Amino acid sequence: MPAAGRGERLGPGTPKALRSLGGAPMLVHAVHALAASRSVDLIVVAAPASQVDEVKAMLGQQELASDISVVSGGETRQDSVARALLALPSDVDVVLVHDAARPLVPPELITSVVSAVRRGAAAVVPAVPVVDTIKQVGDHDEVVGTPDRSRLRAVQTPQGFSRQVLQAAHARADGDTDPATDDAGLVERDGVTVHVIAGHEEAFKVTRPIDLILAEAVLARRRATGGLG
Ligand code: CTP
Ligand code: MG
């Protein structure tokens, strides 16, 4: 679980994964979602380098069905994932990468990703159709193209992989000057086919201040209806 980002687009404050959502840090929600899926044995969190001890203590207090370990994250998301991969025991053969910034991911989505990998896909991403028309722009803010929207998807996490495929992709990409913004992007560079499954609207990423308002509302609705959270 990459959780070492600063959250610059959310605005000034503590690192994003440690910001509060409904009274608990986002990271705590995300960890509980993974553990609640019952398909995750171990969660490795890549925490902000200056907060590793704090995160260890915080997660140590949670009652979870999964084991937890905490490592120090890196300068980029790709770096943070690579560091977390190094902490995996040798007997692990399926790996999910899940953003701490997607705290409300439904446990059923996690299980669906695991199932797709177990059925034989080397790489699996949950995705949703995009609602806006997307333009490609050039260096001077001029539109250079309009891709067919029906072919576009916004991808989410958890993304699921055969451990060997993911680790090989990270090893090959180590030191690249253009870090990937998702892990599927890395294995694509290796020519691996990435399988898409249906994502979930509640697996959205908390990126900007308005996302936090949405997340608070989703959480309040779950609590009012006795759902997750
Ligand atoms: N992440 C990480 N290490 C980094 C950068 C990002 O582990 N060096 C993690 C974030 O903590 C987050 C996930 O990657 O859980 C997705 O990244 P993003 O939404 O971009 O989060 P931030 O980088 O924190 O936000 P921003 O880009 O606005 O600063
Ligand atoms: Mg970022």
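Report on the accompanying structure. As the structure is a prediction and not an experimental result, all values here were calculated from the model. In this numbering scheme, every chain counts its residues from 1 along its sequence in written order. Chains carry letters from A onward and ligands carry numbers from 1 onward, assigned in written order. Residue-level local features of this predicted model are given only where pLDDT is at least 70; pairs of side-chain atoms are given and counted only at 80 or more, and the full residue set underlies all totals for whole chains, interfaces and linings. Values shown for side chains rest on all heavy atoms present in the structure; no hydrogens or waters enter the calculation.

1. Notes on the environment of Asp79
Here's step 1: Secondary structure follows DSSP: runs of H or I at least 4 residues long count as helices, runs of E at least 2 residues long count as strands, and numbering of each begins at the N terminus. Relative to the helices and strands, Asp79 is located in helix H3 (residues 77-86).
Here's step 2: Only protein chains enter the accessibility calculation, which uses a 1.4 Å probe. A residue is then buried if its area is under 20% of the maximum for its type, exposed if over 50%, and partly exposed in between. A relative accessible area of 30% means that Asp79 is categorised as partly exposed.
Here's step 3: The spacing of Asp79 and Leu27 is 52 residues in sequence and 18 Å in space, taken between C-alpha atoms.
Here's step 4: Within polar-contact distance, the side chain of Asp79 engages the backbone nitrogen of Glu75 at 3.3 Å. Residues adjacent in sequence count toward polar contacts only when both atoms are side-chain atoms; beyond that, a polar contact is any pair of N or O atoms within 3.5 Å, and within protein one must be able to donate a hydrogen and the other to accept it.

2. Side note on empty space enclosed by the protein
Here's step 1: A cavity here means a set of 1 Å grid points, computed over protein atoms only, where a 1.4 Å probe fits but cannot escape. A pocket is an open set with protein on both sides within 12 Å along at least 5 of 7 lines, and lining residues have an atom within 4 Å of a point. Grid points are joined across faces, edges and corners, and a volume is the space filled by probe spheres set on the points. With the rule as written, the count across this model stands at 1 cavity of 30 Å³ or more.
Here's step 2: When its volume is computed, the largest cavity comes out at roughly 40 Å³.
Here's step 3: Lining the largest cavity, in full, are Gln78, Asp79, Ala82, His170 and Asp174.
Here's step 4: Examining the composition of the lining of the largest cavity, we find that 3 residues originate from one element, H3, more than from any other.
Here's step 5: Polarity classes work like this: nonpolar for Ala, Val, Leu, Ile, Met, Phe, Trp, Tyr, Cys and Pro, charged for Asp, Glu, Lys and Arg, and polar for all others, with Gly in that last group. Each residue belonging to the lining of the largest cavity can be placed in one class, and the counts come to 1 nonpolar, 2 polar and 2 charged.

3. Description of helix H2 (residues 52-60)
Here's step 1: Val52, Val55, Met58 and Leu59 are the residues of H2 that are buried. The arc enclosing the buried residues of H2, seen along the axis, measures out at 130°, which places them on a common side. For H2, the exposed residues lying more than 90 degrees away from the buried face are Asp53 and Gly60.
Here's step 2: Two residues qualify as a contact provided that any one of their heavy atoms is within 4.5 Å of a heavy atom in the partner residue. Against strand E2 (24-25), helix H1 (26-36), strand E3 (42-47) and strand E4 (67-72) lie the buried residues of H2. Note that the arc is computed from the directions linking the helix axis to the C-beta atoms.

4. Details of helix H4 (residues 107-118)
Because the α-helix completes a turn every 3.6 residues, residues three or four places apart line up on one side.
Here's step 1: With 12 residues, H4 ought to run about 16 Å at 1.5 Å a step, and its terminal C-alpha atoms sit 17 Å apart, in line with that.
Here's step 2: Every buried residue belonging to H4 is among Pro107, Leu109, Ile110, Val113, Val114, Ala116 and Val117, and all of these are buried.
Here's step 3: Contact partners of the buried residues in H4: H1, strand E5 (94-97), strand E6 (123-129), strand E10 (159-162) and strand E11 (195-198).
Here's step 4: One or two steps after H4, the chain reaches Gly120, where phi turns positive at roughly 125°. How far a helix is expected to stretch is found by multiplying one less than its residue total by 1.5 Å.

5. Examining the packing of H1 against H2
Helix-helix packing is characterised by the crossing angle of the two axes and by the distance between the axes.
Here's step 1: Two elements in contact, H1 and H2, have axes whose closest approach is 11 Å; the angle formed by their N-to-C orientations is 50°. Judged by the inter-axis angle, H1 sits oblique to H2. At the point where H1 passes H2, the crossing takes the right-handed sense. Of the residues in H2, those in contact with Leu27, Val28 and Val31 of H1 are Val55, Met58 and Leu59.
Here's step 2: Here the contact of H1 with H2 is composed, by residue class, of 6 nonpolar, no polar and no charged. Where helices are involved, their axes are fitted lines through C-alpha atoms of the stretch in contact, as for all axes, and angles between N-to-C directions lie from 0 to 180°. Just so you know how the angles are binned, under 35 degrees is roughly parallel, over 145 roughly antiparallel, 65 to 115 roughly perpendicular, and the rest oblique. Two helices crossing with the near one rotated counterclockwise from the far one by less than a right angle form a left-handed crossing, whereas a clockwise rotation gives a right-handed crossing.

6. A few points about the site of ligand 1
Here's step 1: Nearness of a residue to a molecule or strand requires only that one of the residue's heavy atoms be within 4 Å of it. Neighbouring ligand 1 are 18 residues; Gly7, Glu8, Arg9, Ser80 and Lys205 lie closest to it.
Here's step 2: Contacts to ligand 1 include Ala100, whose backbone N or O atom sits 3.2 Å from an oxygen atom.
Here's step 3: Between ligand 1 and the protein, one listed contact pairs an oxygen atom with a side-chain N or O atom of Lys205 at 2.7 Å.
Here's step 4: Throughout, the Shrake-Rupley method with a 1.4 Å probe supplies accessible areas, and for residues the shown protein chains are the sole cover considered. In isolation ligand 1 has 560 Å² of accessible area, and contact with the protein removes 87% of it.
Here's step 5: Pocket or cavity membership: a molecule qualifies when more than half of its atoms sit within 2 Å of the grid points of that site. Spatially, ligand 1 is embedded in the largest pocket.

7. Observations concerning the side chain of Glu202
Here's step 1: Within the element layout of this structure, Glu202 appears in the loop between E11 and helix H7 (209-224).
Here's step 2: Glu202 has contacts with Leu104, Val105, Pro106, Val218, Arg221 and Arg222, leaving out every residue within four places of it along the chain.

8. Quick word on the nonpolar core
Here's step 1: Residues grouped as a nonpolar core are buried Ala, Val, Leu, Ile, Met, Phe, Trp, Tyr and Cys residues, joined through side-chain atoms within 4.5 Å. Met1, Leu27, Val31, Val45, Val55, Leu59 and Val70 are the most contacted members of the largest nonpolar core, which totals 25 residues.
Here's step 2: Sorting the residues of this core by element identifies H1, E3, H2 and H4 as the ones contributing at least two each.
Here's step 3: For this core, the element with the most residues is H1, which contributes 6 residues.
Here's step 4: What Met1 contacts, discounting residues up to four positions off in sequence, is Leu27, Ala30, Val31, Leu34, Val44, Val45, Ala46, His98, Asp99 and Ala100.
Here's step 5: Formed by 22 residues, the second largest nonpolar core is a distinct cluster that contains Ala84, Val125, Val165 and Ala180.

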